[in-house]
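Fold and contact review
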Amino acid sequence: MIIVTGGAGFIGANLVSALNERGIADVVVVDDLTRGEKVANLVDCEIADYLDKDAFRADVEGGHLPAGVEVVFHQGACSDTTESDGRYMMDNNYRFTRALYGLCREQGVRFIYASSASVYGVGPVFAEAPEHERPLNVYAYSKTLFDRFVRRVGVDDGPQTAGLRYFNVYGPREQHKGRMASMAFHCFYQYRNDGKVRLFEGSGGYGPGEQRRDFVHVDDVVAVNLFFLDHPDAGGVFNVGTGCSQTFNDVARTVINGCRRQRGEAPLPLGELQARGLIEYVPFPTDLAGRYQSYTEADLTRLRAVGYGEAFLDVEQGVGRYVEHLLGADREVDPR
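Figured I'd write up the structure that's included with this text.

Criteria and thresholds
- Residues numbered from 1 in each chain as written.
- Predicted model: local features only at pLDDT ≥ 70, side-chain atom pairs only at ≥ 80, totals over all residues.
- Heavy atoms only, no water.
- Helix = DSSP H or I, 4+ residues; strand = E, 2+ residues; numbered from the N terminus.
- Buried < 20%, exposed > 50% of the residue type's maximum accessible area, 1.4 Å probe, protein only.
- Axes fitted to C-alpha atoms, helices over the stretch in contact; angles between N-to-C directions.
- Parallel < 35°, antiparallel > 145°, perpendicular 65-115°, else oblique.
- Left-handed = near helix turned anticlockwise from the far one by under 90°.
- Contact = heavy atoms within 4.5 Å.
- Nonpolar A, V, L, I, M, F, W, Y, C, P; charged D, E, K, R; others polar.
- Phe/Tyr/Trp six-rings, centres within 6.5 Å; stacked < 30°, edge-to-face > 60°.
- Lys NZ or Arg CZ within 6 Å of the ring centre and 35° of its normal.
- Expected span 1.5 Å × (residues − 1).
- Pairing = 2+ DSSP bridges.

The peptide bond linking G123 to P124 adopts the cis configuration, its omega dihedral lying at 15 degrees. Here P124 lies in the loop between strand 5 (110-116) and helix 4 (138-153). Look at R173: it is not a glycine, yet its phi comes out positive at around 75 degrees. Structurally, R173 is set in the loop between strand 7 (168-170) and helix 5 (183-194). The class for R173 is buried, based on a relative accessible area of 6%.

What follows is the structure, encoded as structure tokens:
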């Protein structure tokens with residue numbers, strides 16, 4: 001049996017779907033469906049059971065996991081980087097994660113969990129070492145603290161422990177995330193509704209729309225999770241990104257041209273999109289000054305060293321595929 005916490009969420013639901021594609025349906029999903037629209041992510045999945053996150057937490061704190069569980073994919077967390085309730089964030093993301101991890105170690109259950117590239121703050125180095133960790137908010141700190149706990153406990157003895165530091169993930173099944181959905185998602189709906197995409201003006205030494213992030217398709221993120229499922233001897237904390245940053249302008253251009261292609265219109269270069277007003281630059285929010293990742297790029301040295309050799313989709317490939325999905329998916333809804 002496999003448990004996927006956050007299994008009705010973005011990455012969790014894609015992971016459940018990928019397990020199904022392997023013929024694995026003995027999956028228990030743990031989530032909070034207070035927002036019932038998230039169930040749309042599970043309607044095409046086969047699962048063995050669903051547990052409410054509060055009931056699951058009570059079981060964990062009582063020392064109980066479902067019988068027969070072999071692996072926990074811990075994807076559940078509060079991922080809102082603007083959440084200001086530090087007590088809630090630390091209890092949800094750190095304290096409970098630590099309790100679940102402890103129980104898994106005690107019962108010999110493998111533990112593959114979601115960390116975050118937010119631990120690096122403004123960088124400039126994005127390699128998995130404490131000296132590069134500079135969290136800028138309580139969400140990032142909650143992830144940093146658990147990664148440090150894992151290092152302190154050690155991963156060389158006991159069942160597999162693998163922490164995956166996701167960079168900027170985008171792709172299907174994120175429609176419920178609202179303002180926390182990916183840049184590609186918001187660019188698509190801005191263009192569909194308003195006929196243009198809005199990006200930030202220059203920040204952090206970068207020109208308008210030239211801020212750079214490591215944008216990674218959710219299919220690649222799931223593939224890395226499955227790699228660790230298939231390699232139980234691989235453990236530690238690992239970056240999950242493409243290893244190549246691209247600009248916000250690249251994302252906007254790919255979204256707009258994907259929509260134009262669907263209408264039978266020729267793609268346009270960036271300069272022409274700017275000249276026609278299809279990309280508009282808005283003032284950079286003053287409250288984000290010094291607290292915004294204008295550049296991220298995953299160092300994949302450790303991931304490659306444990307044997308993950310697959311290529312990652314770049315923005316043109318991955319966002320292009322995602323735009324095709326959004327254009328054809330009836331269940332994707334306007335976040336406004």
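Having seen the model, we can carry on.
With that out of the way, let us pick up the packing of helix 3 (residues 86-107) against helix 4. Following both chains from N to C, one finds helix 3 and helix 4 inclined at 25 degrees, their axes separated by 9 Å at the closest point. Our classification of the angle between helix 3 and helix 4 gives roughly parallel. Pair helix 3 / helix 4 crosses with right-handed handedness. Contacts from G86, M89, M90, N93, Y94, T97, R98, Y101 and R105 of helix 3 reach helix 4 at V138, Y139, Y141, S142, K143, L145, F146, F149, V150, R152 and V153. Here the contact of helix 3 with helix 4 is built from residues that sort into 12 nonpolar, 4 polar and 4 charged.

Moving on: the packing of aromatic side chains. Inspection of every chain in the model, using the stated rule, returns 23 aromatic pairs. Ring geometry for Y101 against F149: centres 6.2 Å apart, planes inclined by 85 degrees, an arrangement best described as edge-to-face. With Y101 in helix 3 and F149 in helix 4, this pair connects stretches of sequence that are 48 residues apart. Assigned by exposure class, Y101 and F149 land together as buried. Geometrically, the ring pair formed by Y308 and F312 is tilted, given 5.8 Å between the ring centres and 50 degrees between the ring planes. The exposure class assigned to Y308 is buried, which follows from its relative accessible area of 4%. Ring pairing ties together the aromatic residues Y101, F111, Y113, F146 and F149, which thus form one cluster. Here R213 stacks its cationic end above the ring of Y292, 4.9 Å away from the centre of that ring. A cation sits over an aromatic face here: R302 above F238, 4.8 Å from the ring centre.

For the rest of this paragraph, the subject is helix 6 (residues 218-230). Look at helix 6: 18 Å from first C-alpha to last across 13 residues, which is about the 18 Å you get at 1.5 Å a residue. Burial of helix 6 is extensive: 10 of the 13 residues sit out of reach of the surface. By the burial criterion, the buried members of helix 6 are V218, D220, V221, V222, V224, N225, L226, F227, F228 and L229.

The N-to-C vectors of helix 5 and helix 7 (residues 248-262) enclose an angle of 45 degrees; their axes lie 9 Å apart at closest approach. If you check the angle between helix 5 and helix 7, you find them oblique. Taken as a pair, helix 5 and helix 7 cross one another with a handedness that is right-handed. Between helix 5, through M183, A184, C187, F188 and Y191, and helix 7, the contact on the second element is made entirely by F248, V251, A252, V255, I256, C259 and R260. Considered class by class, the residues forming the contact of helix 5 with helix 7 number 11 nonpolar, no polar and 1 charged.

Turning our eyes to something else, we now look at the pairing of strand 8 (residues 197-200). Of the two faces of strand 8, the one lined by V197 and L199 is fully buried and the one lined by R198 and F200 carries no buried residue. Of the pairings in the sheet, the one linking strand 8 to strand 13 (residues 279-282) comprises 4 bridges and is parallel in character. Pairing of F200 across the sheet is with V282, part of strand 13.

Time to look at helix 7. For helix 7, with 15 residues, the first-to-last C-alpha span of 22 Å sits near the 21 Å given by 1.5 Å per residue. Along helix 7, 12 of the 15 residues are buried, which leaves the element largely enclosed by surrounding structure. Within the sequence span of helix 7, burial applies to F248, N249, D250, V251, A252, T254, V255, I256, N257, G258, C259 and R260. Two residues or fewer past helix 7, G264 is found with a positive phi of approximately 80 degrees.

This part covers the sheet that holds strand 2 (residues 27-31). Strand pairing within a sheet occurs via backbone hydrogen bonds; the two strands may be parallel or antiparallel. Judged by pairing direction, the sheet is parallel, and its 7 strands sit side by side in the order 3-2-1-4-5-6-11 without closing on themselves. This sheet does not close on itself; its edge strands, each paired only once, are strand 3 (49-52) and strand 11 (236-240). The mean inter-strand angle of the sheet, taken between neighbouring strand axes irrespective of direction, is 20 degrees. Direction of pairing for strand 2 relative to strand 3: parallel, over a ladder of 4 bridges. Its bridge partner being in strand 3, D31 is matched across the sheet by D52. Docked against the sheet, helix 2 (residues 53-61) engages strand 1 (2-5), strand 2 and strand 3, running at close to 80 degrees with respect to strand 3. Its contacts with the sheet place helix 3 against strand 1, strand 4 (71-74), strand 5 and strand 6 (161-166), and it is angled at close to 165 degrees to strand 4.

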